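This is what each chain is made of:
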Amino acid sequence: MEKPVEFQSEGATLRGFLITPDDHIGRLPLVVMAHGTSATIQMVAIEYARAFARAGVAALIYDHRNFGFSDGEPRHEINPWIQCRGYRDAMDFAQELPEVNPDKLALWGDSYTGGQAVLVSACDARPKVIVVQCPVFGLSAPETLPSRQTMDQIQLTLHSGDVGGTPETTTGPIPVVSPSQLAYRSLLAPVQAFRWFIEYGGRPSSGWTNEATRVIPPTPTAYSPFLCAAYVQAHALFMVAPEDEMAHANYAVTRQAYDLIPTAKRWYDIRGGHFGLLYHPSERFDEAVSVQTAYLIAALGA
């Protein structure tokens, strides 16, 4: 069953779907899901949500503020702090739903939102599980070492800090992808990104636009999922591509972050690069969703 839902976040209405198993009884474990950089829920992530629901784990999947079905201005602006607050507000909403067991929440993220799920888990004890695929932790590990003081500042920023951007910390508006960086510079450079976004974003129902603005606010401590890894409170599945072509999803840096996580965790290598597991239907998608579903069921006690 797929039911349209909406909830408030940062002064805007975010929209998506609550997807539940047919003929379910009682309150269900639930995974909160949002797509990566500029992508909308119709661009494959909803297929993950449907697979989880068929296995007995409900999914709340939504478009980020400023994108797709959701409201918010300026359109197509990506602010990682605002998107992390979206995860938080989605959990607030989900906990009140009669279909949901509020003690069995999980977060799912892909690429840029994979890092966001890590940051939110370090700041919020409600998610019992995080599942992240090809997460973004940066070109290199930050020079600053993880510390309780830094984590406290990140948590304060997430909950109540000023996360507005400045001209100096804003990139765009700019195309998300381009067939040639010589002709048109884009936010995401690899040709694999261009191929995937044009194929899936180009579908009539996607709601995707090849335009984005990225804002990295000048907060007291910079946005950094890496610095949060040592404070993650949930069980964690990292599904990572050794051949990842996205520079900021650096495989070695992701491994460093993973090694810092103190909770029960699992590392899973998957072939096909950053976008391989986002093609549906495909053998790689089937592999990814099978591993993720089994992990969610085991970790949530579904």
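See the structure above.
Worth saying up front: this structure is predicted, and the values here are computed from it rather than measured. (Residues numbered from 1 in each chain as written. Predicted model: local features only at pLDDT ≥ 70, side-chain atom pairs only at ≥ 80, totals over all residues. Heavy atoms only, no water.)

Peer 1: Provide a residue-level description of the packing of aromatic side chains, including the pertinent values.
Peer 2: Taken as a whole and assessed by the stated rule, the structure comprises 20 aromatic pairs. Ring plane angle 25° and centroid distance 5.5 Å describe the contact between Trp196 and Tyr200, whose orientation is recorded as stacked. With Trp196 and Tyr200 both in helix H5 (residues 191–201) and 4 residues apart, this pair spans about one turn of that helix. The pair Trp196 / Tyr200 is uniform in exposure class, with both members buried. Measuring from centroid to centroid gives 5.1 Å for Tyr258 and Trp267, while their planes differ by 70°, and the two rings are edge-to-face. Each of the two residues, Tyr258 as well as Trp267, counts as buried. Each member of the aromatic cluster is reached from another via a ring pair, and the members are Trp196, Phe197, Tyr200, Trp208, Phe275 and Tyr279. The residue whose ring lies beneath Arg203 is Tyr200, and the NZ or CZ to ring-centre distance is 4.1 Å. (Phe/Tyr/Trp six-rings, centres within 6.5 Å; stacked < 30°, edge-to-face > 60°. Helix = DSSP H or I, 4+ residues; strand = E, 2+ residues; numbered from the N terminus. Buried < 20%, exposed > 50% of the residue type's maximum accessible area, 1.4 Å probe, protein only. Lys NZ or Arg CZ within 6 Å of the ring centre and 35° of its normal.)

Peer 1: Break down helix H2 (residues 80–95) for me, with residues and values.
Peer 2: Between its first and last C-alpha, H2 extends 23 Å over 16 residues, near the 22 Å set by a 1.5 Å rise per residue. Burial analysis of H2 places 13 of its 16 residues in the buried class, the great majority of the element. Here H2 starts with a cap whose side-chain oxygen sits 3.0 Å from the backbone nitrogen of Trp81, and that cap is Asn79. (Expected span 1.5 Å × (residues − 1). Polar contact = N/O pair within 3.5 Å; in protein donor to acceptor, adjacent residues only side chain to side chain.)

Peer 1: Could you give me a rundown of the layout of surface pockets, with the residues and numbers involved?
Peer 2: Counted as a void, the largest pocket has a volume near 770 Å³. Forming the boundary of the largest pocket are 39 residues, of which Tyr112, Val136, Gly138, Arg214 and His248 lie nearest the centre. At the level of elements, strand S8 (170–174), H5 and helix H6 (225–228) are the ones that each hand at least two residues to the lining of the largest pocket. Tallied by class, the residues present in the lining of the largest pocket amount to 23 nonpolar, 12 polar and 4 charged. (1 Å grid on protein atoms, 1.4 Å probe; cavity = no way out; pocket = protein on both sides within 12 Å on 5 of 7 lines; lining within 4 Å. Points joined across faces, edges and corners; volume = space filled by probe spheres on them. Nonpolar A, V, L, I, M, F, W, Y, C, P; charged D, E, K, R; others polar.)

Peer 1: Account for the side chain of Arg65, with residues named and values stated.
Peer 2: Assignment of secondary structure puts Arg65 in the loop between strand S4 (58–62) and strand S5 (77–78). Buried charged residue Arg65 carries no salt bridge. Nearest counter-charge: Glu77, at 6.1 Å. For Arg65, the residues in contact, after removing those within four places along its chain, are Ser9, Glu10, Ala12, Leu14, Ser70, Asp71, Gly72, Glu73, Glu77 and Ile82. (Lys, Arg positive; Asp, Glu negative; His and termini not counted. Salt bridge = Lys/Arg side-chain N within 4 Å of Asp/Glu carboxyl O. Contact = heavy atoms within 4.5 Å.)

Peer 1: So what's going on with the sheet that holds strand S1 (residues 2–9)? Which residues, and what values?
Peer 2: The 8 strands lie next to each other as S1-S2-S4-S3-S6-S7-S10-S11, forming an open sheet whose pairing is mixed. Sheet topology places S1 and strand S11 (265–269) at the edges, where each strand pairs with a single neighbour. Ignoring which end each strand starts from, the neighbouring axes of this sheet average 20° apart. In this sheet, strand S2 (residues 12–19) lies alongside S1 in antiparallel orientation, the contact comprising 8 bridges. Its bridge partner lying in S2, Val5 is registered against Gly16. (Pairing = 2+ DSSP bridges. Axes fitted to C-alpha atoms, helices over the stretch in contact; angles between N-to-C directions.)

Peer 1: Tell me about helix H4 (residues 148–160), and name the residues and values.
Peer 2: Between its first and last C-alpha, H4 extends 18 Å over 13 residues, near the 18 Å set by a 1.5 Å rise per residue. Within H4, burial applies to Thr150, Met151, Ile154, Thr157 and Leu158. Seen along its axis, H4 keeps its buried residues to an arc of 120°; they face one direction. Exposed residues pointing more than 90 degrees away from the buried face of H4 are listed as Gln149 and Ser160. Each element contacted by the buried residues of H4 is listed here: H2, helix H3 (112–123) and H6. (Arc of directions from axis to C-beta.)

Peer 1: Provide a residue-level description of the side chain of Thr221, including the pertinent values.
Peer 2: Here Thr221 lies in the loop between strand S9 (212–215) and H6. Among all residues touching Thr221, those that are not within four sequence positions of it are Trp81, Thr150, Gln153, Ile154 and Leu227.

Peer 1: Outline the pattern of salt bridges, listing residues and values.
Peer 2: Within the structure shown, the criterion is met by 15 salt bridges. For Arg15, the salt bridge identified is with Glu6, shortest N-O distance 3.4 Å. Assessed through its relative accessible area of 48%, Glu6 is described here as partly exposed. A salt bridge links Arg126 to Asp124; the shortest N-O distance between them is 2.8 Å. For the pair shown, Arg126 and Asp124 are each scored as buried.

Peer 1: Please provide a residue-by-residue account of the environment of Thr171, values included.
Peer 2: Assignment of secondary structure puts Thr171 in strand S8. A C-alpha to C-alpha distance of 8.4 Å links Thr171 and Leu187, two positions 16 residues apart in sequence.

Peer 1: Tell me about the nonpolar core, and please be specific about residues and values.
Peer 2: Core analysis: the biggest nonpolar cluster contains 105 residues, and Tyr48, Phe197 and Phe238 have the highest contact counts within it. Ignoring sequence-local partners within four residues, the contact set of Phe197 consists of Thr37, Ser38, Ala39, Met43, Val176, Val177, Leu188, Gly202, Trp208 and Phe275. (Core = buried A, V, L, I, M, F, W, Y, C linked by side-chain atoms within 4.5 Å.)

Peer 1: Residues and numbers for the sheet that holds S9, please.
Peer 2: Across the sheet, which stays open at both edges, the 3 strands sit in the order S5-S9-S8 with mixed pairing between neighbours. Both edges of this open sheet fall to S5 and S8, since each of them pairs with a single strand only. In the sheet, S8 pairs with S9 via 3 bridges, with the strands oriented antiparallel. The partner of Thr171 across the bridge, within S9, is Arg214.

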